[in-house]
2 protein chains.
Amino acid sequence: MAEQTGKINKRVVIEGVTPEIDSGRYPIKRVVGEKVVVEADVFTDGHEAVSCELRFRQKESQTWTAVPMQALVNDRWTAEFTVTEMGQYRYTIHAWLDHFKFWAQSLVKRLDAAQDVGIELVIGANLVGEAAARAEGSDAERLALYRRVMEGGTAESIQAALSEELALLMYRYSDKDSGTIYDKDLGITVDRERARYGAWYEFFPRSCWTQDCTHGTFADCEARLPYVAGLGFNVLYLPPIHPIGHNHRKGKNNSTVAREGDVGSPWAIGSELGGHKSISPDLGTLDDFKRFMRQAAEFDIEIALDIAFQCSPDHPYVKEHPEWFRSRPDGTIQYAENPPKKYEDIYPFDFDTPHWRELWDELRSVIEYWVEQGVKIFRVDNPHTKSLRFWEWAISNIKEKYPETIFLAEAFTRPKVMYFLAKIGFTQSYNYFAWRNTRYELMEYFTELTKTEVREFFRPNLWPNTPDILTELLQVGGRPAFTTRLVLAATLGASYGIYGPAYEQCVNEPMAPGKEEYLNSEKYEIKHWDVTRPDSLAWLVSRLNSIRRENMALHSNESVRFYQTGNDAIIAYSKTTEDLSNVILTVVNLDPDHMQSGVLELPLEELGIDPVQPYQVHDLLTDNRYIWSGSHNYVELNPNPLPAHVFRVRKRVRSEQDFDYYG
Amino acid sequence: MAEQTGKINKRVVIEGVTPEIDSGRYPIKRVVGEKVVVEADVFTDGHEAVSCELRFRQKESQTWTAVPMQALVNDRWTAEFTVTEMGQYRYTIHAWLDHFKFWAQSLVKRLDAAQDVGIELVIGANLVGEAAARAEGSDAERLALYRRVMEGGTAESIQAALSEELALLMYRYSDKDSGTIYDKDLGITVDRERARYGAWYEFFPRSCWTQDCTHGTFADCEARLPYVAGLGFNVLYLPPIHPIGHNHRKGKNNSTVAREGDVGSPWAIGSELGGHKSISPDLGTLDDFKRFMRQAAEFDIEIALDIAFQCSPDHPYVKEHPEWFRSRPDGTIQYAENPPKKYEDIYPFDFDTPHWRELWDELRSVIEYWVEQGVKIFRVDNPHTKSLRFWEWAISNIKEKYPETIFLAEAFTRPKVMYFLAKIGFTQSYNYFAWRNTRYELMEYFTELTKTEVREFFRPNLWPNTPDILTELLQVGGRPAFTTRLVLAATLGASYGIYGPAYEQCVNEPMAPGKEEYLNSEKYEIKHWDVTRPDSLAWLVSRLNSIRRENMALHSNESVRFYQTGNDAIIAYSKTTEDLSNVILTVVNLDPDHMQSGVLELPLEELGIDPVQPYQVHDLLTDNRYIWSGSHNYVELNPNPLPAHVFRVRKRVRSEQDFDYYG
């Protein structure tokens, strides 16, 4: 093998580098300001010492920045750096035999054994001389001076040889060129903060109307903004806003026959009025849309659009580029299918077409078109049913020019494919949260997401519902289930979202028992929502989003830890900032039908709590405060009105010793 | 990233391939006749079907052999093949969109839904037509026929479309060229059986003399062969047989001053009489050595030599190639050191010398010299103190020409370095067995060695003692400890060895308390062993080696499973053949001082035992037989005379129903 690597006679070995995704094939993800902690096994033959450094750079830069690595145990080394700019970074490792470090370590041992070190000092002085030849300016002069002093062979020579300054200079001028450079440059995609942390809200613009029997417009959406802002959301995601096809249009409840006045599914994109770069006139004009985006920005809300790469039979592409679709032997175009199911209102693109380059370019240009209109967040519809390598290419292409873009993959598909989409570039991902209901399922899944390599590339965005997903738990669990799933999503997920107002109004009637489709789904008809309903969970949504804003611990997922409660119906977990200044402890009763109680077991010292002092837990949902002491405390939660605590842990309870006059 | 890979528009993804060591940088290991089971994640976008095949070839062959892979769950696929020749193999994976398979699966669903399939049959017939164009000869004709039948659009067309013959033909003539080939060819080093399974014995030839006060010769060694053969060993390993240096020769007990008549350490290689390619005249001539090897072969014993790449100050290399050693400022050659310890009788090679190519070539030629004399097994002394990349190069170079060579790494060093030596080519490895004494330590270590990726490249050879290692347990545990460690080594390790006759005679006096060196170590003086001593463990060694020979379950390590005993002083484990026809259950009392008992818990069905029938366990050490029933059985072991059972599990106890006349 050696002859294949060009590494022959490189005595230092670098291996076991983490993070490294699929042999370095895919980048890890970070947001601006986050740390990258790198570890590696670095060793050489024999007893000699190695030194190594972590190197990083922005992709387009030619210059590496080096950080010295520190030895852990068992030949493992570590170093870290912080990414400060959006875009692509690279990192790698450089390790070398550090003859001087080894010499100095040996010198100490020889001195301890009272050996004569005369010749050793000459050997050391020679090493210093070699370094002096590699150095320049005053460093070279200092090294030359050290050399002379060491050659003296006196007590002063020994002192000089072991001085801190010399150690630093000798590290700086090590013969690094003889070392080993790790054979891969590993990648990092650095996004803006919203890639990691954000609360999303989805609504159908056409349902935002306020008078009877009309079609909502962007102007109506503007009127709804104060409501969404009051809920505290950062991102407002709209289903497709393009013209909707007529041919095979779906009627209410997904009926294959549309009746007069049926508005069709927004995902059946394209008509004689335009395609993926057009806006449905029923919603308004491009200017209306831009005005709506500006208004949203006033409320600190960013608009996200849907990228659904499929066409209605009426889409202009179908006439202009029949070569982008698959033909059937009868000359018709192949509609979407999942046999025996047929979706005749949808034509998928044929990613195997010989004209795939043109197709890819056009689809990429759709994304860029909307970026140029100011949209920087995209929810991508079913990306797993399009060529995976297309996404890898298109996303990297777009992000190269617009590193601020965010792509959320709506891929409710098999686990390997879901992760693969994240590896090849999707910023965030829908995931299996909606179907993880028990304590065990939640713990297992969020441990996988936050404590394994997955966390390096996969950022979950937790949605308890979507227009496509009304889970059985919500169907049968009613309002308590809506409450618990909301609290779980908002506290387990640095990014989470709901499809409203259906969610906050606890809409939970399925099209049929055992189906996850909504009855009278908004996908096929215009709804009217009274957002002022007093029984709405809007207050809780608003409260949770405030809590999220105010508590940095909830802005990321990696710190999550689960705790014993002695009751499988009660889940408890903390999130903490690195310095433990912010500790959020969430306790949720997962049983929508019964009061549940348990004894919560906390590792106090790991949470920064003095185990012999009482401490306060402050329920940020209710503003109730409890004084706890010790690691075991009783909790009791009723499904109604509120089956959850979101505690901020206050580490210390004031006592008489806090009075000025005490002591 | 896509632009870097050339994989653009390849719709099938292959990842997560196992086994794959360090991104494919190092080969896995097998012996002739062993299976290679490969798994991979293979998937594509959308609903389409993929097919994939495992490809393998001998390295020098240009032709791949393909094995269809079978789907497991979760997008994971598997296939296996058997390696039949020594040398290097390669394997990789090829996956493609299988349009016909998907079409046929869809057809069944459409038929089940009573849909009209007229056009579908035309689509299928077209796929068959495309395959016919790729086929030749009678296959092409059959496919063309199938096409015509399918175009008929009759019930017969459907039958033809779903026929097994067509499925096979369509698999064979799939459009594989449009598929994805995994981007790595992964390597396999295939050795002969002795690389995996063998019992080793180490003795000092010079101690094999039979008259008083002489130096043993190869003729004396020949006389010792019947004894070694009686013990049942396969490999007889000799410490270095080269001339020993005089300068700074070590005296008895590692004294830095040799006295008149002191013979020195065989590892201080080289004198005016020659170096690494010479034989000490005290032992005999090359012809004597060859005769000894031939005699050993008569007893089915293979001779292994020591490769110790270091020199005494008198080695011819020192004069002829001073540039291969490091000089000190006073002009002397740098002796070996581990500061503050000095080994002035040893000069290490300087692997950083500018003349390293010549040095590497010469050292490689040493190995080849002995291979040409007929030696095919080498125990390599302290390989971790020589350039690691030298070994990678030298071993692959030697094995390319002599694939039957076996290299055992004597690297008692840090874990990462120990594993690395195995990755870069060492066939077998000394390891930490000698210091794994408790039940927990043994279970943990052998789980790591046999149930993780380590098993793909690291073959442990278990030595309870060596001339360098007399463990504290042997020092304090006496004969029961020698017995348990022997049973553990022989049953946990498909390869194991002892340094004798010290081992079977339970020699356990250390040079000093807390030291692992033997008192009056044979490394520095000639011993005389009375191998007929009645208190020797020779009978047990012999018995264990017979058991090993007769029970295939003990010829490999991967099947090892540990069991609960309810007593930490008792360890129990099984090894089994794949078909469960041979089940060996070993139970050992690890406490050298007290009788211990426990209740052994066996998963009967996994061992192929009918849980409602009694079964027999036959102790192959004592020939005692016990009838057990159920999963829980009592065991009791005394340190003396025999603190272990090595049971062969006989699955069924004969009963009246076994008589011919019954039933």
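Residues numbered from 1 in each chain as written. Chains lettered and ligands numbered in written order. Predicted model: local features only at pLDDT ≥ 70, side-chain atom pairs only at ≥ 80, totals over all residues. Heavy atoms only, no water.

Asks: Is there a simple way to think about the sheet that holds strand β1 (residues 12-18) of chain B in this case?
Replies: For sheets, the rule is that strands pair by backbone hydrogen bonds, running either parallel or antiparallel. Pairing within the open sheet is antiparallel, and its four strands lie in the order β1-β3-β7-β6 (chain B). Edge positions in the sheet fall to β1 and β6 (70-71) of chain B, since each has one partner strand and no second. Note: β6 of chain B against strand β7 (residues 76-82) of chain B, two bridges, orientation antiparallel. When the sheet's bridge partners are listed, Ala71 of chain B is paired in β7 of chain B with Trp77 of chain B. Sitting on the sheet, helix α11 (residues 415-423) of chain A touches β1, β3 (35-44) and β7 of chain B, and the angle it makes with β3 of chain B is about 70°. (Pairing = 2+ DSSP bridges. Helix = DSSP H or I, 4+ residues; strand = E, 2+ residues; numbered from the N terminus. Contact = heavy atoms within 4.5 Å. Axes fitted to C-alpha atoms, helices over the stretch in contact; angles between N-to-C directions.)

Asks: Please explain the packing of helix α3 (residues 137-151) of chain A against helix α5 (residues 164-172) of chain A as it appears in this structure.
Replies: In helix packing, the relevant descriptors are the interaxial angle and the interaxial distance, both defined with respect to the helix axes. Residues and elements named next belong to chain A. In the contact formed by α3 and α5, the axes pass within 11 Å of each other and the chain directions differ by 120°. On the basis of the axis angle, α3 is oblique to α5. Crossing of α3 against α5: the hand is left-handed. Here α3 contributes Asp139, Arg142, Leu143, Tyr146 and Met150 to the contact with α5, which in turn contributes Glu165, Leu166, Leu169, Met170 and Arg172. Looking at the contact of α3 with α5 residue by residue, the classes come out as six nonpolar, no polar and four charged. (Parallel < 35°, antiparallel > 145°, perpendicular 65-115°, else oblique. Left-handed = near helix turned anticlockwise from the far one by under 90°. Nonpolar A, V, L, I, M, F, W, Y, C, P; charged D, E, K, R; others polar.)

Asks: I tried to follow helix α14 (residues 472-492) of chain B on my own but got confused; where do I start?
Replies: Within an α-helix, residues lying three or four positions from one another point in the same direction, as the helix has 3.6 residues per turn. All names here are of chain B. With 21 residues, α14 ought to run about 30 Å at 1.5 Å a step, yet its terminal C-alpha atoms sit only 20 Å apart, falling short of that. Its axis deflected by about 130° at Gly478, α14 carries its strongest bend there, up to four residues before the proline Pro480. The element α14 is extensively covered by neighbouring structure, given that 18 of its 21 residues are classed as buried. (Expected span 1.5 Å × (residues − 1). Bend = angle between axes of the 7 residues up to and from the residue. Buried < 20%, exposed > 50% of the residue type's maximum accessible area, 1.4 Å probe, protein only.)

Asks: Could you clarify how one ought to interpret the interface of chain A and chain B in this entry?
Replies: Contacts between the two partners involve 70 residues from chain A, matched on the other side by 70 residues from chain B. Together chain A and chain B conceal approximately 6,100 Å² of surface at their shared face, both sides included; 53% is due to carbon and sulfur atoms. If you look at where chain A meets chain B, you find 12 salt bridges. Between Arg11 of chain A and Asp352 of chain B there is a salt bridge, and its shortest N-O distance comes to 2.6 Å. Linking chain A with chain B are 21 residue pairs in polar contact (both at pLDDT 80 or more). (Buried area = accessible area lost by both parts, 1.4 Å probe. Salt bridge = Lys/Arg side-chain N within 4 Å of Asp/Glu carboxyl O. Polar contact = N/O pair within 3.5 Å; in protein donor to acceptor, adjacent residues only side chain to side chain.)

Asks: Explain the relation of the copies chain A and chain B to me, please; I cannot follow it from the model alone.
Replies: The relation between the two chain copies is a rotation about an axis coupled with a shift along that axis. The transform that puts chain A on chain B rotates by 180° and translates by 0.1 Å along the axis, for an RMSD of 0.1 Å. Overall, the copies show the geometry of a two-fold rotation axis. Considering only C-alpha atoms, the part of chain A nearest the rotation axis is Ser23 of chain A, at 2.8 Å. A share of 100% of the interface residues of chain A reappears at the interface of chain B, consistent with the copies meeting face to face through the same patch. (Least-squares fit on C-alpha atoms with pLDDT ≥ 70 in both.)

Asks: Where do I start with the pattern of salt bridges in this structure?
Replies: Evaluated as defined, the whole model comprises 90 salt bridges over all chains. Of the charged contacts, one joins Asp139 of chain B and Arg172 of chain B as a salt bridge, the two residues approaching to 3.1 Å between their closest N and O atoms. One end of the pair, Asp139 of chain B, is in helix α4 (residues 137-151); the other, Arg172 of chain B, is in helix α6 (residues 164-172), and 33 residues separate them in sequence. Sharing partners across several salt bridges, the network here consists of Arg11, Asp45 and Glu48 of chain A together with Arg326, Asp350 and Asp352 of chain B.

Asks: Honestly, the environment of Ala223 of chain A in this entry has me stumped. Any pointers?
Replies: Residue and element names in this part refer to chain A. Checked against the element boundaries, Ala223 lands in helix α6 (residues 218-231). The exposure class of Ala223 is exposed, given its relative accessible area of 56%. Sequence-wise, Ala223 and Thr483 are 260 residues apart; in three dimensions their C-alpha atoms are separated by 27 Å.

Asks: Could you clarify how one ought to interpret the nonpolar core in this entry?
Replies: In a soluble, globular protein the nonpolar side chains are often hidden away together inside. Phe81, Leu238, Phe289, Phe349, Trp391 and Tyr496 of chain B are the most contacted members of the largest nonpolar core, which has 161 residues in total. Here this core takes 10 residues from α14 of chain B, the largest share from any one element. Among all residues touching Tyr496 of chain B, those that are not within four sequence positions of it are Gly198, Ala199, Trp200, Phe233, Asn461, Leu462, Leu486, Ala489, Ala490, Val541, Asn545 and Arg548 of chain B. In terms of nonpolar packing, the next biggest core, distinct from the first, is built from 160 residues, Met293, Leu488, Tyr499 and Ala553 of chain A among them. (Core = buried A, V, L, I, M, F, W, Y, C linked by side-chain atoms within 4.5 Å.)

Asks: For this particular structure, what's the right way to read the pairing of strand β18 (residues 377-381) of chain A?
Replies: As a general feature of sheets, a regular strand has side chains that alternate between the two faces. Residue and element names in this part refer to chain A. The buried fraction of β18 amounts to five of the five residues, a majority that puts the element mostly inside the structure. Burial along β18 is two-sided: Ile377, Arg379 and Asp381 facing one way and Phe378 and Val380 facing the other are all buried. In the sheet, strand β13 (residues 302-307) pairs with β18 via four bridges, with the strands oriented parallel. Pairing of Ile307 across the sheet is with Val380, part of β18. Relative to strand β19 (residues 406-410), β18 is paired through five bridges, and the arrangement is parallel. Looking at β19, one finds that Asp381 is bridged to Glu410. Crossover connection from β18 via helix α10 (residues 388-401) to parallel β19: handedness right-handed. (Right-handed = clockwise from strand over helix to strand, strands pointing away.)

Asks: Can you help me understand the packing of aromatic side chains in this one?
Replies: Aromatic ring pairs are reported here in terms of the distance separating the ring centres and the angle at which the planes meet. As enumerated under the stated definition, the model contains 86 aromatic pairs over all chains in all. Ring centres of Phe420 of chain A and Phe43 of chain B lie 5.3 Å apart, and the angle between their planes is 75°; on these two criteria the pair is classed as edge-to-face. Residue Phe420 of chain A is found in helix α11, and its partner Phe43 of chain B is found in strand β3; the two belong to separate chains. Judged by relative accessible area, Phe420 of chain A falls into the buried class, the value being 0%. We classify Phe43 of chain B as buried; its relative accessible area is 1%. (Phe/Tyr/Trp six-rings, centres within 6.5 Å; stacked < 30°, edge-to-face > 60°.)

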